[in-house]
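Observations on the model geometry
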Amino acid sequence: MHPIRTLADVLDDGAFVSVERQRRLAELVGGDGPYGERWNVDLTVGVLTFTGREGVLETPAHLVGSAAPGPGTWMWAWSNVNGLPAPVVARAAAVRDFGARYGLTELTEPEIPLRAEPRRDAVEYAVVAGLVNGGFPHYTADAGNGTVVAFLVEEPRAALPAPSCATAATVIGEALSTGAMLDHRRALAAYAELRGFGLEPAGRDTVLVGPDGRLAVSFDDVGRITGLDGTLGGPAAR
């Protein structure tokens, strides 16, 4: 990984992999997923319950925090103002420790002003928490009165498969459409490292190498991704 100096660095590091993780989770609990109709959480034991057309899915959940429009703040779960069991907020506490290590005050203050609308902040901090804790998807939900809560979801069925250039192309395209990344080269390098892709320089551009082929990633002169060109059929395919 590149050096970490700002929160934006961490968000860039998690930009692509978080999209892929969220796609996998949505296959289960998204609007069209088999368990995507209703959700409930029991924070006394740290369990999220999803109910849908195929029955009930119960999965361990870790509270990351909440974004509230009233006070206009994000509150980290590690502050534990509600006295929740330590395991329920332990993943959030790991984010605080990470923030202390790298001097990121956004991760070490228990309550901080919102940087955007509540759901966007909740998603971004959940992305950070998922990355810091070794790779988890997140789930955000409306807790009433505009407050959005964020959880990390520890569901084995949402685990990522082997890296795929075909998947990477759609993941990168989706992430770019949000316009949230600052450093595209950093984001791509982090994605390759986290997912086990090879990277090959190609002049100003970069080639992502996976078990199913190669994905040429084009950059402009200021380092923004401008194009993707895939060749499937194995890493030697050209």
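Before reading on, note that the structure itself is shown above.
Predicted model only: the values in this text are computed from it and were never measured.

1. What to know about the overall build of the chain
Broken down by element type, the chain carries six helices and eleven strands. Along the longest, intermediate and shortest principal axes, the C-alpha atoms of the chain span 55 × 45 × 25 Å. For the chain, the residues scored as buried account for 47% of the 238 residues in total. Counting only contacts in the chain whose residues sit at least 6 apart along the sequence, the fraction spanning at least 24 positions is 54%. For the chain, the exposed area adds up to about 11000 Å²; of that, 51% sits on carbon and sulfur atoms. Charge centroids of the chain, computed over 20 positive and 29 negative side chains, lie 4 Å from each other.

2. Considerations on the layout of surface pockets
Considered as a void within the structure, the largest pocket measures approximately 490 Å³ in volume. In terms of lining residues, the largest pocket is bounded by 20 residues, among which Ser-18, Val-123, Val-127, Thr-178 and Ala-180 are the most central. Of all elements in the fold, only helix H1 (7–29), helix H4 (118–132) and helix H5 (165–178) reach the threshold of two or more residues within the lining of the largest pocket. A per-element tally of the lining of the largest pocket places H1 first, with eight residues. Of the residues in the lining of the largest pocket, the class split is ten nonpolar, four polar and six charged. Roughly 290 Å³ of internal volume is contained in the second largest pocket.

3. Digging into the pattern of salt bridges
Overall, the coordinates contain eleven salt bridges when judged by the stated rule. Salt-bridge contacts for Glu-124 lead to Arg-115; the nearest nitrogen and oxygen are separated by 2.8 Å. According to the relative accessible area criterion, Arg-115 is partly exposed, its value standing at 43%. Of the charged contacts, one joins Arg-214 and Glu-200 as a salt bridge, the two residues approaching to 2.7 Å between their closest N and O atoms. Placement of Arg-214 in strand E10 (residues 213–219) and of Glu-200 in strand E8 (residues 198–202) is noted, with a sequence separation of 14 residues between them. The exposure class assigned to Arg-214 is buried, which follows from its relative accessible area of 9%. We classify Glu-200 as partly exposed; its relative accessible area is 31%. Three or more residues joined by partner-sharing salt bridges are found here, namely Asp-9, Asp-13 and Arg-186.

4. A look at the packing of aromatic side chains
All chains considered together, the criterion is met by nine aromatic pairs. Ring geometry for Tyr-191 against Phe-197: centres 5.6 Å apart, planes inclined by 45 degrees, an arrangement best described as tilted. Each member of the pair, Tyr-191 together with Phe-197, is buried. An aromatic cluster is present here, built from Trp-39, Phe-50, Tyr-139 and Phe-151 joined pairwise through their rings. The aromatic ring of Phe-219 is capped on one face by Arg-185, whose charged end is 3.9 Å from the ring centroid.

5. Considerations on the sheet that holds strand E11 (residues 225–232)
Spatial ordering of the open sheet is given by E8-E9-E10-E11, a layout of four strands whose pairing is antiparallel. One side of each edge strand has no neighbouring strand; the edge strands of this open sheet are E8 and E11. With strand direction ignored, the average angle separating the axes of adjacent strands in the sheet is 20 degrees. Its contacts with the sheet place H5 against strand E9 (205–210), E10 and E11, and it is angled at close to 165 degrees to E11.

6. Remarks on the pairing of E10
For E10, a buried count of five out of seven residues is recorded, marking the element as mostly surrounded by other parts of the structure. Two strands pair when backbone bridges link them, and E9 and E10 are joined in this way by five bridges, in the antiparallel orientation. Counterpart to Val-207 in the pairing with E10 is Ala-216. Hairpin geometry of E9 and E10 is characterised by an intervening segment of two residues between the two adjacent antiparallel strands. With seven bridges joining them, E10 and E11 adopt antiparallel strand pairing. In the strand pairing of E11, Ala-216 is matched with Asp-229. What sits between the antiparallel neighbours E10 and E11 is a turn of five residues, in which Gly-223 has the positive phi angle 85 degrees.

Parameters and conventions
- Residues numbered from 1 in each chain as written.
- Predicted model: local features only at pLDDT ≥ 70, side-chain atom pairs only at ≥ 80, totals over all residues.
- Heavy atoms only, no water.
- Helix = DSSP H or I, 4+ residues; strand = E, 2+ residues; numbered from the N terminus.
- Buried < 20%, exposed > 50% of the residue type's maximum accessible area, 1.4 Å probe, protein only.
- Contact = heavy atoms within 4.5 Å.
- Areas by Shrake-Rupley, 256 points an atom, 1.4 Å probe, with all protein chains shown as cover.
- Lys, Arg positive; Asp, Glu negative; His and termini not counted.
- Charge placed at Lys NZ, Arg CZ, Asp CG, Glu CD.
- 1 Å grid on protein atoms, 1.4 Å probe; cavity = no way out; pocket = protein on both sides within 12 Å on 5 of 7 lines; lining within 4 Å.
- Points joined across faces, edges and corners; volume = space filled by probe spheres on them.
- Nonpolar A, V, L, I, M, F, W, Y, C, P; charged D, E, K, R; others polar.
- Salt bridge = Lys/Arg side-chain N within 4 Å of Asp/Glu carboxyl O.
- Phe/Tyr/Trp six-rings, centres within 6.5 Å; stacked < 30°, edge-to-face > 60°.
- Lys NZ or Arg CZ within 6 Å of the ring centre and 35° of its normal.
- Pairing = 2+ DSSP bridges.
- Axes fitted to C-alpha atoms, helices over the stretch in contact; angles between N-to-C directions.

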